[in-house]
Structure formats: structure tokens, C-alpha cells
Amino acid sequence: MSGTERPGDDGGGEHPPGRLEVHKFGGTSVADAARMETAVERALRAAAGARVVVVSSALAGVTSALAEAAAAALRGEVARALETAEELRLRHERVLAELAGGDGGAVLDELRALAAALAGWLRSVGALGELTPRTRDRILAVGEKLAVRLFAVALRRGGARGVPLDADEFLETDDRFGEAGVLPGVTDAVVRAALAARLERGEVPVVTGFVGCAPDGSTTTLGRGGSDLTATVLAAALGADEVTIWTDVDGVLTADPRVVPGAQGIRQLNFREATELSFYGARVLHPRTILPVASHGIPVRIRDTFTAGEGTVVDGRFTPGSHPVKAISAAAAQALVTVEGKGMAGVPGVAARVFGALARRGISVTMISQSSSEASITLVVPAHDAIEAELALKREFRADITHGEVDEVAVRPGVGVVAAVGLGMARTPGVAGRVFGALARRGISVHAIAQGASEMNISFAVDDRAVPEAIRALHDDFGLHRLDTGEDGGKRIDLLLMGPGSVGRALAGLLLERSAHLFRRFGLRARVVAVADRSGYLLEPGGIAPEALRAVVEAKAAGRSLASLGGAPGHAAVMVRDALRYRLARPVLVDTSAYPDAAEVFREALRLGCDVVTANKAPLAGPLEGFTSLLAEAEERGRIVRAEATVGAGLPVMDTLEMLLATGDRLLEVEGALSGTLGFVMTMLEEGALLSEAVEEAMRRGYTEPDPVADLSGADVGRKATILGRLSGLVRSDVPLRLAGLVDPALAGMEPDAFLARLRDFDAPMQERVDAARREGRVLRYLARVRPDSLEVGLAAVPADSPPGALRGTDNLILFRSERYAARPLVVTGPGAGVEVTAMGVLADIMRIAAERRPS
Ligand code: ADP
Ligand code: ASP
Ligand code: MG
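Residues numbered from 1 in each chain as written. Chains lettered and ligands numbered in written order. Predicted model: local features only at pLDDT ≥ 70, side-chain atom pairs only at ≥ 80, totals over all residues. Heavy atoms only, no water.

Caption draft 1: Local environment of the overall build of the protein. From N to C terminus, the protein includes 30 helices and 30 strands. The C-alpha atoms of the protein give a radius of gyration of 37 Å, which is well past the 29 Å a tight globule of 856 residues would have. With respect to the principal axes defined by its C-alpha atoms, the protein has extents near 120 × 75 × 45 Å. For the protein, the proportion of its 856 residues judged to be buried stands at 55%. The long-range share in the protein, meaning contacts at least 24 apart out of those at least 6 apart in sequence, stands at 76%. Per element, the accessible surface of the protein, about 35000 Å² overall, is 52% carbon and sulfur. The protein carries 97 positive and 110 negative side-chain charges, and their two centres are separated by 1 Å. (Helix = DSSP H or I, 4+ residues; strand = E, 2+ residues; numbered from the N terminus. Rg over C-alpha atoms; globule rule 2.2 N^0.38 Å. Buried < 20%, exposed > 50% of the residue type's maximum accessible area, 1.4 Å probe, protein only. Contact = heavy atoms within 4.5 Å. Areas by Shrake-Rupley, 256 points an atom, 1.4 Å probe, with all protein chains shown as cover. Lys, Arg positive; Asp, Glu negative; His and termini not counted. Charge placed at Lys NZ, Arg CZ, Asp CG, Glu CD.)

Here it is, written out as C-alpha cells:
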């Protein structure tokens, strides 16, 4: 072509210093003058900071129009073909006029020359009634040749030295017309020879995408969508620092947005993941795009030309984490080919013969699945290769068919292959089960299944018309509609804290101080992503930075509200919804509040795929119906609710219970001294103090609730007993709690002095009970007793040398009587209240959830 200079012979193997970027613009990015202006702006901006090579596709729709024109000419409809050629000429001339105003003269001649050549080739096709793959490629390549000339003009108008280059003059490929491959080794050297000197001179080469040249010099094409491949081939040859593929979507999405409108952008993909996705039909990248750059580690960004959003980066980073599946893609229009026969089992080399036969005809296999009996091999090939594949296999196995070793070679057209892709799958058990569960629930039947040895994808063939539904099913089931937070890492666990009171702050403190240890010792990476109090919430999907979290803790301790710290207004349930818009790693709602309405927040969390850890008794101790339905909801959704800190603060009460039940023991009774405050009061009574004196001392030491009636009425112990009864399974029905407090709950709300004065009325009767017990060698303890369908809380006289009798001060004690621990109970004892130990109980629950390693 006259407009493109021959590649210079200068420019050896060395790369000149300085940053080098390849920018590829897809058809929609250069569809008309306005869009091309935007694309050119992107290129100009890049050229301000680096040496730049531009790769351009044909204007949107042009390649398809050329293919149709060629087909029409072949059918003898030459006039129609020429009409298309004429329309294309006019379209490009209009764009040129808009882009270049009056300075397009020389380029206009080039466009006309290309259009004239095109018309000549179409006429020949019509006259000969023959369209060889070679001629077809020459015709298809015209689209890109027209485009680069327009792009280069616009670049020059923008002040850059844009030079259009036809890649069929230097990008050497094999001669598989229509689907040509680049030649390893050869291509790199000739590309460098063609481009290096230009770059050094400060030019911006604008190279035709999609186009190459066969060994005999004729034009080839790299397959539809092949401009992506051109970009990475050039980048690898030139040792570029980065490739940007500019398109009409904000990067690679979790699925084709036309099938799943809620598909989300993926911020980072490993080279292998991107390869797999493009191979299985994610059209945003040509299937072979990644190969040239992966071995050089050159990152590829996929970005939206019009919004210039962040897009996706494809690089060598390996980010497994808890999201086993990153995206779903699908290849439509496939056919299933089955080679079957009892004589095949155990015979070596059958699979090799199958692939050999297909490879010799250049048929690429989309998917392979072999039954474990080896009595059949199923493969999926593109529908347009199905007949050829069938023939090839029948020929290959002719002798075997005659001898009865192979029964048949069957073809089933009308299938599509869907693939779930993600490197994290290799380390997450149960992904296949989840995939097929999701399909089964929608009544989609699967014809064949394959899991790559890399365990990076699970692919399966279904009826073509079931493909969109299958994609949506998986997208939904793996939560891919949520926003990508951009990083997955190891055993990460994301915490949503509700109620940053003293316990919540202590927990945040533990996480901050112990994070290195927790990671080293247990591989746990817990991050706080959100915090809610009554005023509002803070949310940072990528994790609240340690300094920021520390600042929140300090501000809360100083009495400030989250709203005053810039938090969004809204209830904790709003925080949960807002946070769960993101694809968090193992999200856990942690309730360290005393909010009476927390159950509603729990439900929302469970519904959205969040586990729950609570130190708040309210949601578990309310009406039985609420408790039962909450746990049923968790069960149904496969979520976890843990509540260690609701009974004995940091003491392993629930843990012990679970251990007994899990190992097959049968629980008979649980008895406990569950109130540190009342324990302290009882010890003082035993030592001769009066009730009012003991309570006054407990208040002075800060052992009581702000209103001591909450402790003395037994209400708090009653709630703990209720939770113990329910979670142990001992209490299944709505039996009434038999609660005898030390004082009437009606006394609540009095001034401390007035209350203490009123309490003196109880001193004498209490002293009598203490004395009566002592005469029998007993002491008084405030105990909760949980038996099958019975809950009792109240004062009991127990032998002074029994475990509860021997208890001193604020310590708690829990006795488990079971079939195994019948004669002597299993005893858990220690401090059962306090901010630090409660926070520890909560952290222990978080660690237990992390240890379960289930997909979120
Ligand atoms: P270009 O012309 O820029 O090369 P393409 O049409 O070839 O653009 O590719 C972009 C299109 O790929 C998107 O508009 C979208 O419809 C489709 N697509 C299919 N799967 C995906 C996916 N997983 N992520 C993003 N886009 C996808
Ligand atoms: N123009 C070619 C096509 O439409 C190549 C590309 O767009 O990448 O397939
Ligand atoms: Mg494309």
C-alpha cells in the first residue's frame, strides 16, 4: 500500500530504554468519528508518558459486512457485494471528513485505492464463483487497513506522529487462513525490525489488528476478534511494559453482561484465569490473547474507552482466597461427539487416536470428558466442525468398528459449553457439587462434565437453549453479582461489627494487636470491613485500615458516635446490605451490642450469605419461635450462628457442649453458676456480710449492671439459662422459665440510695436462709439448672464441698452431666464476665468459623 512505508532494516534486538505501551482499540471504540476522537485522546494521553504502539480494529460492523459482501459475491450477487463496498467507502470518507477537516487529501486517496481494490476482488470472486480462504482473508483485512489510516490522521491532528502500518507487511504467521497462528521466534524479530526504529524516532505506529502475512506473503487473519492477539504479540516482541485493550465494557466481567445484566467487573485476573475464560467464550478477549504475554509477565489491562474506568488487570498474581469461582463463560453453537464401545476400556492410546484424528484436520476440541469405565470418550467441538469431526473419527476407527470394539461414533448438535473459572477452585472442596446442585435446582440437565487437571475450571455441556439459564444459575449461586473488592487472600475473613461498645472495642483491639500472631499461628487474616452503632455505620469493603480502626476505637471510647465520624446514616441492617453488595471473603456479622432488635439484622445477614457471631443475648433468648426460625434460616442457607460469649464470656461453654454432642455423648443436665455478680454477693454473705452490704460492695466495684436490679432479679441468668437450654437441645418446647430472683424486678429504676435502703428489708430473711443452710453444712448459690424440658433459676443450698459450693467470688461454673460424665460431672470454671474475656470468646468463635473453610 502506498501510504505505509516499508519497515526499516534498522532497529535490532535491543529495546531502547523508556516505558513502552501497546494500546488496542476495538471496533466499537472506533465506530464513528466521535468515538474515534475519544480513542485518540486515550492514545495521546498515553503517548505523553511513554512510547506507544496503537493497534486498531476495523470500525464496528465492518468485518462482518466484508464477510457478507464476499459471501454475496460467491453466490453471484456481485451488485449487492459492490453496494456494500461502496457503503463502506462512503462511511470511511465521512469519518475522515469529520476527523481531518480539510487535511485528509492524501488519506482520502488511500481510502479510495483500498475501496477500489476491494471492489476488484469482489468482482473476481463473483466471476470465478470461488472464494478461497486466502482471498477471503485479503477481503476481510480491508476493514483494519481503512481504520488505521483514519486513526493515524486523527493522531497527527492531535500532535502525535501517527503512522499507519499494515501488519500483512511484517507480522508473519502460518498459512491457516482465517485462523492463522503467529510463528514463534520468527514473528518477534520481524516485528522489532518493523517497529523499533519508528518508536525511537518518536513515531506512534498505528498497526492493523487481526491481520498477518503467510510465509508466501499473502494476507492472513487471526480469527474473529483477533486484534487482541495482535496487541499482545506486538507487546511480547517489543518487550512492552503493558498492554491496554480498550473496549466497550469496564473490563472482564463475571459473565457476559448481555446474559447476566448484573454482571460485575473483576479487578484482577491471573493469566491462566483469563486464558481459560477467553477460551470458553468470553468474547471480551480473543481466545489466544494471553499466551504471548503470559511468559513475559506483561500485564494486560482491559478498560472501557468511554468511561476510562479502572477495568481489569490480567497479570501473574495468584489470588486464590475464598471465592472459588471468579467468572462464568460459555461457548455456544457446539456439538457433542461420543466415541463408544465396550472394547475400548483399558486399551491404551484410544484418546490419543481421537485427538490425533481431529488435530490433523485442524479441529480444536472445546471440551473432553471420559467416563471412568473408559468405555466412552465424549468431546465437544464447534458445531461447524461437527460433520468433519464425525467423518474423521469414523475413518480413524473403521477397523475397530468392524471388529466390534467401537460401537459407534455419535454426534449430538445443539449444545453449548458453560465453564466456571477461578484458580481458587483447586483448593476449595465441593465446588463441583455446588455447580451441579445449582443446575439441578433449575432442572437443567447436563450432557457431559469435565474438570481440567488444573482444577481451574469446571465445564459442562448442556442444551444450547439452556446456556443462558445455566450461566445465570451459577452466577447467582456463587454470589458473583456482588462487587469485586479487588483482592482475595488466603484464609481471609471479613468482619462486620455491630455495637462498638466496650466489648466491641476490646475485640478490635485484640484483632489489631494480635493480627500478626493470628496469621502466623492460624493463617487467619481477619479484617474489619464495617462498623455500626446506633447512629450509623462506616464501611470500607477492602478493609478498614489499622490506623483508621484504632482511631474509631479511640473516638468511640471518648463517647463519639459513628455519624460524627463521617459514618453513613442507617441501621445495622442497612450496613449489612450495603457491605454485602461486595464480594467479601467469608463475611461474618459480629454482634457485641445489646440491641434488643438484633435478630432482624441477623436474618438479613444470613439471607445475604453472612455468618453470625453474637455476644448479645437478646436475639437468642426471646420467644422460642424467633429463636427456632432464626436457626432454621441459618441451617437452610448453610450459614453458621455462634454464641459462645452469651453464656460464660470467654469460658468454653458452647465449645464443650458441641464436643460432647459431636462425639456421641448424650446430655442429661447442665447446671451453672452463671452470674459473677451474684457469685460475689453469695461469697460475701457466707463470710457474714448482710445482703445490702454485699450488694453495695458489688456496686462499688463495678460488678453490677448500671441498675443492680437486672442482676438481683435473676433476669440475666434467666436469659443465659434459656440460651443454654436451647442450644444444648435439652429444651425443645416453649417451657416456662421458673425464675426466683433475690428481689422483685418491679424495683428496677430506683435511685441507688433508695434502692439500698429498700434492700435492707431483705437483710434479715436472707441471713436466716444463710444460717439455716450452714447448719446443714451447706451454702447458698444462685444457680441455673437446665434439664430436659425444664429451666430453673434461683437460690439453692448446696453442700459446701460440692463444686458450686467451693466456688468463690465472681467466677462462673458450669457442670455438664451426661451419659459419659454421669458419676462425676464435667466442670468448666473461671471468670465468666469482663470485657477482655468476652472479647476473647467472640474472637474464638470467629476463629472457629474461619477454620471451617466453607465457600461463602
Ligand atoms: P471489541 O470490539 O472492543 O473487541 P468485543 O465485542 O470483541 O469488543 O468484546 C466486548 C464484548 O464482550 C462486551 O461488549 C460483552 O458483550 C462481551 N463479553 C462476553 N463475555 C464477557 C465478559 N465475561 N466480560 C466482559 N465482556 C464480555
Ligand atoms: N475486526 C475483527 C473482527 O471483527 C477483529 C477484531 O475486532 O478484533 O473480528
Ligand atoms: Mg474483540
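Caption draft 2: Highlighting the pattern of salt bridges. Taken as a whole and assessed by the stated rule, the structure comprises 65 salt bridges. Two residues, Arg-75 and Glu-77, come together in a salt bridge whose shortest N-O distance is 3.1 Å. The partner of Arg-581 in a salt bridge is Asp-578, with the nearest N and O atoms 2.9 Å apart. Residue Arg-581 is classed as partly exposed on the basis of its relative accessible area, which comes to 41%. (Salt bridge = Lys/Arg side-chain N within 4 Å of Asp/Glu carboxyl O.)

Caption draft 3: Summary view of helix H27 (residues 715-728). Taking 1.5 Å per residue, 14 residues should reach 20 Å; H27 reaches 20 Å between its end C-alpha atoms and fits that length. By the criterion of burial, H27 is predominantly enclosed, with 11 of the 14 residues buried. At the exit of H27 stands Gly-729, carrying a positive phi of roughly 85°. (Expected span 1.5 Å × (residues − 1).)

Caption draft 4: Just the site of ligand 2, in detail. Close to ligand 2 lie Ser-57, Ala-58, Thr-63, Glu-144, Phe-210, Arg-224, Gly-225, Gly-226 and Ser-227. Between Ser-227 and ligand 2, the recorded distance is 3.0 Å, taken from a backbone N or O atom to an oxygen atom. Isolated, ligand 2 exposes 260 Å² of accessible area, and the fraction of that covered by the protein chains is 86%. Here the residues of the shell around ligand 2 sort into 2 nonpolar, 5 polar and 2 charged. (Near = heavy atom within 4 Å. Polar contact = N/O pair within 3.5 Å; in protein donor to acceptor, adjacent residues only side chain to side chain. Nonpolar A, V, L, I, M, F, W, Y, C, P; charged D, E, K, R; others polar.)

Caption draft 5: Examining the site of ligand 1 more closely. Inspection of the region around ligand 1 gives 18 residues, with Thr-247, Asp-248, Leu-253, Arg-258 and Arg-283 positioned closest. A distance of 3.1 Å separates an oxygen atom of ligand 1 from a polar side-chain atom of Lys-24. In the model, an oxygen atom of ligand 1 is placed 3.0 Å from a nitrogen or oxygen of the Arg-283 side chain. When isolated, ligand 1 has an accessible area of 560 Å², and the protein chains bury 91% of it. Of the residues belonging to the shell around ligand 1, the class tally is 8 nonpolar, 5 polar and 5 charged.

Caption draft 6: Expanded view of the sheet that holds strand S26 (residues 737-739). Overall, mixed pairing links the 6 strands, which are arranged S26-S28-S27-S25-S29-S30 in an open sheet. Every interior strand has two partners, whereas the edge strands, S26 and strand S30 (826-831), have only one. On average, each strand axis in the sheet is inclined to that of its neighbour by 25°, with strand direction left out of account. Summarising the sheet, strand S27 (residues 778-787) and strand S28 (residues 790-799) pair through 10 bridges and their orientation is antiparallel. Along S28, the bridge assignment pairs Arg-785 with Glu-792. Helix H23 (residues 653-662) rests against strand S25 (667-673), strand S29 (811-818) and S30 of the sheet, and its axis sits at about 10° to S29. (Pairing = 2+ DSSP bridges. Axes fitted to C-alpha atoms, helices over the stretch in contact; angles between N-to-C directions.)

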